[in-house]
Amino acid sequence: MLILLLILSFLFSAASPAAELQRGTRAQVMFYNVENLFDAKHDKGKADWQYLPSDYPNKHAMCKKTSSNKRYLKSCLETDWNDDKLALKIDQIAKVIAAAGNPDIIGLAEIENRNVLAQLAKKVGYRGMVIASGNDKRGIDVALLYRDSSWLKYVRHSEHMIGSAQDKRLRTSHLRPMLEVEFKVNGQSLYVYVAHWASPASPSEYRLASSRTLISLIKERLLKDRNAAVMAIGDFNVLDRDYPHPFREDFFARTLTDLETAFRRHKDVPWEDKISMPFGTSFYPPSMNWSSLDRLFVNQHLRDGRGLEVDVPSFRIFAPPFMRDTFVYDRDGDYHRGSVIKNVPKRYNNAATTAGDAGFSDHYPILVDLYM
C-alpha cells in the first residue's frame, strides 16, 4: 500500500502544467499572413494589376502607372495570374491550415476580397467567415475564419477605420481597418481583433495611430464588461527601432501581453522547444534580419486562472519542414555575400504551376491554445 501511494505521489508531482491543461476543453487560435491572396479579376479602384492574366485589358499600361519602383514593375509585368494559379495558392494555404490542426479561429492578412475568402473557406471546410473592407491601395484586407462549437459562439463583428480622427496628415491608403469579432465562451465575452498595420517602410506614426485605435476599442469594451477576454492578433509590422514605439504606449504595455515574449520567458517551457522555433515570423533578405511582425496579444483576463485562459506554453511560430527554405545571399559587392540562412519562410512563387514549386508565404503563422 505504501509503495502504491509513493507511486501515485510521484505521478501527480511529475505531471507538467501542459499535461494538466489537456483535461479541459480547448480551442486553437491562429494568425497567418498568407501573402497576396488575390483573385484573377480587377477590383475597381484598386491597384491589383499584378494579380491579373497577362492579356487582361490595360494591364501593362496600369502596371507602369501604379508600380512604385523597378522591382515592383518587373513583378507586375511578369506575373500571369489566373484561376488555376489561384486554386493552387488556396491549396497551399489549406495545407498549412490542415497541418496546424484546423484551428477554431483563424485570423488572416492580405486577403483581397470576400470572393477569395469564400473559396478558401470552402476548401478548408469553415462555414464562419468575416472580412473587413478598407482603403488599401492594392485592396488587401484582414479576415477571420471560425468554427462555432458547443462552447465557442459567434456573436457579431465590426470593422474600425484608423487615422482620420488621430491625424489628418496620415494617408488612409496606408491604414487598413481593424476587424473586431465578438464570441461568447460559456457566457464570457471574447473579443478578437485582427490587424494588419502599415508597412515598416511607412513612418511609425502610422502604426502608432493604429495602436491608439486598438487601445480605444479595448478600453471601451472593458468599460462595459470588466471581465471580457481580449485577443489582438495580426501582422503589426512593428520593429524595435520604431519611435514612438506603439507597444510602449502606457495602456498597451500595462494591459496586453505579447505571447511570444511570454513563451520565451516561461519557466515550464523546455529550452529545446524555445530554440527549435525560428527567430521570428518573417525574414527580410536585404538587411538579413529576422522580425516578429506577427503577434498575439492577450489581456489579463486570459491569464487570471478564472474562466477562459490562454495556454502560454502552447504558443508556436508554426514552421513545419515543408514550409522552410534556405536563403543564400548573392548580391555582388556586399559583405553578406555567400551567407546562408536556414529555415526562412518559403515564400510564394507566383509563376508556379505545381505544389512542389509554389511555396507558401513570406510569413510563418502563429498558434496558441485557449482552454476552459
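Above: the structure in question.
Residues numbered from 1 in each chain as written. Predicted model: local features only at pLDDT ≥ 70, side-chain atom pairs only at ≥ 80, totals over all residues. Heavy atoms only, no water.

## Here's the deal with the overall build of the protein chain
Turning to step 1, where the next piece is worked out: Along the backbone of the protein chain there are 11 helices and 16 strands.
Turning to step 2, where the next piece is worked out: Taking 372 residues into account, the globule formula puts the C-alpha radius of gyration at 21 Å, and the protein chain, at 22 Å, falls close to it.
Turning to step 3, where the next piece is worked out: Referenced to the eigenvectors of the C-alpha coordinate spread, the extents of the protein chain come out at roughly 85 × 50 × 40 Å.
Turning to step 4, where the next piece is worked out: Residue burial in the protein chain is summarised as follows: out of 372 residues, 53% are buried.
Turning to step 5, where the next piece is worked out: Summing over all exposed atoms, the protein chain offers an accessible surface of approximately 18300 Å²; the carbon and sulfur share of this is 51%.
Turning to step 6, where the next piece is worked out: Put simply, the protein chain has 51 plus and 45 minus side-chain charges, and the middle of one group is 2 Å from the middle of the other. (Helix = DSSP H or I, 4+ residues; strand = E, 2+ residues; numbered from the N terminus. Rg over C-alpha atoms; globule rule 2.2 N^0.38 Å. Buried < 20%, exposed > 50% of the residue type's maximum accessible area, 1.4 Å probe, protein only. Areas by Shrake-Rupley, 256 points an atom, 1.4 Å probe, with all protein chains shown as cover. Lys, Arg positive; Asp, Glu negative; His and termini not counted. Charge placed at Lys NZ, Arg CZ, Asp CG, Glu CD.)

## Remarks on the pairing of strand 13 (residues 309-317)
Turning to step 1, where the next piece is worked out: In terms of burial, strand 13 is largely enclosed, as 8 of its 9 residues are buried.
Turning to step 2, where the next piece is worked out: Judged from the 5 bridges that link them, strand 13 and strand 16 (residues 366-371) form a sheet pairing that is antiparallel. The partner of I317 across the bridge, within strand 16, is I366. (Pairing = 2+ DSSP bridges.)

## Remarks on the sheet that holds strand 5 (residues 152-160)
Turning to step 1, where the next piece is worked out: Ordered by their spatial adjacency, 6 strands build an open sheet running 5-6-7-8-12-9, and the pairing between neighbours is mixed. Of all strands in the sheet, those bounded by a partner on one side alone are strand 5 and strand 9 (256-258). Ignoring which end each strand starts from, the neighbouring axes of this sheet average 20 degrees apart.
Turning to step 2, where the next piece is worked out: Across 3 bridges, the pairing between strand 9 and strand 12 (residues 294-299) is antiparallel. In the sheet register, L256 faces strand 12, and the bridge partner there is N299.
Turning to step 3, where the next piece is worked out: Taken strand by strand, helix 7 (residues 204-224) contacts strand 5, strand 6 (178-185), strand 7 (188-196), strand 8 (229-235), strand 9 and strand 12, and its axis lies near 170 degrees from that of strand 7. (Axes fitted to C-alpha atoms, helices over the stretch in contact; angles between N-to-C directions. Contact = heavy atoms within 4.5 Å.)

## Some words on the environment of M30
Turning to step 1, where the next piece is worked out: Here M30 is to be found in strand 1 (residues 26-37).
Turning to step 2, where the next piece is worked out: Judged by its relative accessible area of 0%, M30 is buried.
Turning to step 3, where the next piece is worked out: In sequence terms M30 and I317 are 287 residues apart; their C-alpha atoms lie 9.8 Å from each other.
Turning to step 4, where the next piece is worked out: Contacts of M30, omitting those with residues within four sequence positions, involve V96, I97, A100, P103, I105, I106, G107, I233, P365, I366 and L367.

## Examining the state of the cysteines
Turning to step 1, where the next piece is worked out: A full pass over the atoms with the stated rule returns 1 disulfide.
Turning to step 2, where the next piece is worked out: Here C63 engages in a disulfide with C76; their sulfurs sit 2.0 Å apart. Residues C63 and C76 share a disulfide whose torsion about the S-S bond is about -70 degrees; that sign makes it left-handed. Here C76 lies in helix 4 (residues 70-78) and C63 lies in helix 3 (residues 59-66), a separation of 13 residues in the sequence. With respect to class, C63 is no different from C76; both count as buried. (Disulfide = S-S within 2.5 Å.)

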